Amino acid sequence: MIQNLSDEEVVRRNALQKLREKGIEPFPAAEYVVNNYSKDILANYEEGKEVVVAGRLMNMRVMGKASFADLHDSKGKIQIYIASDNICPGEDKSYYNEVVRHLLHFGDFIGVKGTLFTTRMGEISIQVSELTVLAKSLKPLPVVKTDKEGNIYDAFTDPELRYRMRYVDLVVNEKVKETFITRTKIVNAMRDFFNSYGYLEVDTPVLQAIPGGASARPFITHHNALDVPMYLRIANELYLKRLIVGGFEGVYEFSRNFRNEGMDRTHNPEFTVMEIYVAYKDYNWMMDFTEAMIQHVCEKALGTTSVPFGDKVIDFKTPFRRLSMTDAIIEYTGFDITGKSEKELFDFCKSIGIDVNESMGKGKLIDEIFGAKCEGNFIQPTFITDYPVEMSPLCKRHRNNPELTERFELMINGKELANAYSELNDPIDQRGRFEEQMSLQERGDDEAMFIDQDFLRALEYGMPPTSGMGIGVDRLVMLLTNNATIQEVLFFPQMRPEKFATGPDLKEYEAAGIAPEWIEHIVKAGYDTLDKLREAKPTSVHQNLNAYRKKNKLDIPAMQLADIESWKLG
């Protein structure tokens, strides 16, 4: 395939070839042993200390017999000073003059050995005595420029390109890398908190015979060996509760879940949830546990509980506000859902402009009211408690009101962050709830739950009183890193497949009567489709191709105008 390369890409590929001609392998296989990192050097500077560092060559400034550049490693960056006399101590200065000055480019990976010193401008630097090429960059990175006032120019900001080419985004936009470092700190802080209680991290299946544990539309695949349909996990709840049945007191999992639903600023079809289940606890205990965990995460990952988000500051210091769903709906609509029939709820939704349909049961209608009129008002952390039983098919009925359940959701910045129950452990009640969900499926609700017969059987062996909680890891990271879109906290968010140009069909050029030795050069000269040749005047093509031949010193006969006029271009 003939690639359409930019002038800069051609220069870099020529440099690649010249390196090999000089006996320098641009992609060496051997281990390159480093003994220091930029951040550590700057924090613990020792004049004259010998160091070995590796990273990307950035911002090179050639000044005759010496050059300055920045070396970016995994922890930061440090200036390097390359003088011809230092890396070429003998008479032969060709390594500096030919390799360093002309065959190295912005973005190349190199390793350097040298000693630490401070420049006259006071900048800690490495005086290089050895330089090793570790990987040649064949495509140029975007050059982001900052002026003396701190204004940024030519920034790599297009979201489509940034998400598709996250590897470039991470290199040129430092704040992006910081977001993902913080994400890891958040997850580690959660693990530390759970482990301090002695709870066990586990793994459960991603491929499931029944998509249980949540109301969502699943992705469907097929298991060839078993010849059965399978579903990508929408939740791991039912498997974790099986482990409680099996005798574990506390289990948790960072679960990659998949829901075949819409995509927007806060939803991605593939996302991460942490779910935890603890025996002998209820949702009141879990509220205390959850707010303590989130405060711990903020303190460990960020060093503060006051977190800026957009134009707001969210305070994660405990305790959080607690409000029942019934009271929340009354507060923001004046409508009391207590004891209301499905028709009354449906009519109320219609009366206040909420789009509903006949497939929706009481639970879905109440959820629509809360989502449309209440949810967005809860900016500071607020536990919404005591959901109607129709909304919570896996949740234990409220001990004081059988029409409600012992459930809470944690609302922050107008969005649900966590969901928790006193888990339903009565297998007879659970079977009835599943059957209600199946009736909703029959009415057209494609998000209603399936009946999981094995889970019901597990409950029949007995599950102790248990509380469970799930928290959206991606949403938590968004909140704690001040990012308004979920795509900013996922390394590789879902996008439409990219279409790559496969290059022209060379057989079409041959069929048109073009000499084979000229075809590649005609394409590289800019005529990468026959349509471009058809649209151009033969005299213009003749001049351009012979100019290209001369510039690139091609060892082929000159193109004749008569040849061009004889081509069968249609």
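## Some details on the sheet that holds strand β9 (residues 207–208)
Pairing between sheet strands relies on hydrogen bonds along the backbone, with the strands arranged either parallel or antiparallel. Strand order across the open sheet formed by 3 strands is β9-β11-β10, with antiparallel pairing between neighbours. Across the chains shown, the open sheet's two edge strands, defined by having one partner strand only, are β9 and β10 (220–223).

## Notes on the domain arrangement of the protein chain
Split into domains, the protein chain comes out as domain 1 (7–141), domain 2 (177–320 + 380–489) and domain 3 (506–566). Placing the centre of domain 2 and that of domain 3 at their C-alpha centroids yields a distance of 63 Å.

## Concerning helix α4 (residues 94–102)
The complete set of buried residues in α4 reads Tyr-96, Val-99 and Val-100. One side of α4 holds all its buried residues, which, seen down the axis, span an arc of 110°.

## Looking at the pairing of strand β17 (residues 382–385)
By the alternation rule, side chains of β17 split into Thr-382 and Ile-384 and Phe-383 and Thr-385, which are all buried. Taken together, the 4 bridges between strand β16 (residues 321–324) and β17 define a ladder with parallel strand orientation. Bridge pairing in β17 links Ser-324 to Thr-385. Bridge analysis of β17 against strand β18 (residues 407–412) gives 4 bridges, and the strand direction is antiparallel.

## Section: a nonpolar patch on the surface
On the surface, a nonpolar cluster with roughly 380 Å² of combined accessible area is contributed by Tyr-167, Phe-491 and Phe-492. Tracing the backbone through its elements, the reader meets Phe-491 in the loop between α15 (473–481) and α16 (506–511). The partly exposed category is assigned to Phe-491, whose relative accessible area is 40%.

## Let's talk about the packing of aromatic side chains
One pass over the structure, following the stated rule, counts 19 aromatic pairs. For the ring pair Phe-193 and Phe-194, a centre distance of 6.3 Å and an interplane angle of 75° mean the geometry is edge-to-face. Taken as a pair, Phe-193 and Phe-194 share a single burial class, namely buried. On the basis of an interplanar angle of 75° and a centroid distance of 5.0 Å, the ring pair of Phe-383 and Phe-408 is categorised as edge-to-face.

## Digging into unusual backbone geometry
Residues other than glycine predominantly adopt negative phi, and peptide bonds predominantly adopt the trans conformation. A cis geometry characterises the amide bond from Thr-318 onward to Pro-319, with omega recorded as 0°. Here the phi dihedral of Asn-413 falls at roughly 55°; this positive angle occurs in a residue that is not glycine. Among the structural elements, Asn-413 can be located in the loop between β18 and β19 (415–422). With a phi angle near 60°, Asn-482 is a residue other than glycine that sits in the positive phi range.

## Here's the deal with the environment of Phe-378
Turning to its location among the elements, Phe-378 is positioned in the loop between α12 (362–373) and β17. Judged by relative accessible area, which is 2%, Phe-378 ranks as buried. Between the C-alpha atoms of Phe-378 and Ile-412, which are 34 residues apart in sequence, the distance is 6.0 Å. With residues near it in sequence (within four places) discarded, Phe-378 still touches Arg-321, Leu-323, Ala-328, Tyr-332, Phe-370, Ile-384, Met-411, Ile-412, Asn-413 and Gly-414.

## Here we look at the packing of helix α11 (residues 342–351) against α12
Where α11 contacts α12, the two axes come as close as 9 Å, and the packing angle between them is 30°. In terms of axis orientation, α11 runs roughly parallel to α12. With respect to the hand of their crossing, α11 and α12 are arranged in left-handed fashion. Across the interface between the two elements, Glu-342, Leu-345, Phe-346, Phe-348 and Cys-349 from α11 touch Lys-362, Leu-365, Ile-366 and Ile-369 from α12.

## Some thoughts on the nonpolar core
Core analysis: the largest hydrophobic core is formed by 44 residues, its most contacted members being Met-190, Met-274, Ile-276 and Ile-471. Per-element tally for this core: the top contributor is helix α9 (residues 283–301), with 9 residues. Not counting residues up to four positions away in its chain, the partners in contact with Ile-276 are Phe-194, Tyr-199, Val-251, Tyr-252, Met-286, Phe-289, Ser-467, Gly-468 and Met-469. By size, the runner-up hydrophobic cluster in this structure holds 27 residues, among which are Ile-78, Cys-88, Ile-110 and Val-128.

## Remarks on the pattern of salt bridges
One pass over the structure, following the stated rule, counts 37 salt bridges. Across the pair Asp-108 and Lys-136 runs a salt bridge whose closest N-O atoms are separated by 2.7 Å. Here Lys-136 lies in the loop between β5 (124–135) and β6 (145–146) and Asp-108 lies in the loop between α4 and β4 (109–118), a separation of 28 residues in the sequence. The class for Asp-108 is buried, based on a relative accessible area of 0%. Across the pair Lys-524 and Glu-520 runs a salt bridge whose closest N-O atoms are separated by 2.9 Å. Of this pair, Lys-524 and Glu-520 both sit in helix α17 (residues 516–524), separated by 4 residues, roughly a single helical turn. What makes Lys-524 partly exposed here is its relative accessible area of 44%. Through salt bridges that share partners, Arg-162, Arg-166, Asp-169 and Glu-488 make up one connected network.

Conventions and cut-offs
- Residues numbered from 1 in each chain as written.
- Predicted model: local features only at pLDDT ≥ 70, side-chain atom pairs only at ≥ 80, totals over all residues.
- Heavy atoms only, no water.
- Pairing = 2+ DSSP bridges.
- Helix = DSSP H or I, 4+ residues; strand = E, 2+ residues; numbered from the N terminus.
- Domains from an automatic or database assignment.
- Buried < 20%, exposed > 50% of the residue type's maximum accessible area, 1.4 Å probe, protein only.
- Arc of directions from axis to C-beta.
- Patch = residues over 30% accessible without salt bridge, like charges linked within 9 Å, V, L, I, M, F, W, Y side chains within 5 Å.
- Areas by Shrake-Rupley, 256 points an atom, 1.4 Å probe, with all protein chains shown as cover.
- Salt bridge = Lys/Arg side-chain N within 4 Å of Asp/Glu carboxyl O.
- Phe/Tyr/Trp six-rings, centres within 6.5 Å; stacked < 30°, edge-to-face > 60°.
- Contact = heavy atoms within 4.5 Å.
- Axes fitted to C-alpha atoms, helices over the stretch in contact; angles between N-to-C directions.
- Parallel < 35°, antiparallel > 145°, perpendicular 65-115°, else oblique.
- Left-handed = near helix turned anticlockwise from the far one by under 90°.
- Core = buried A, V, L, I, M, F, W, Y, C linked by side-chain atoms within 4.5 Å.

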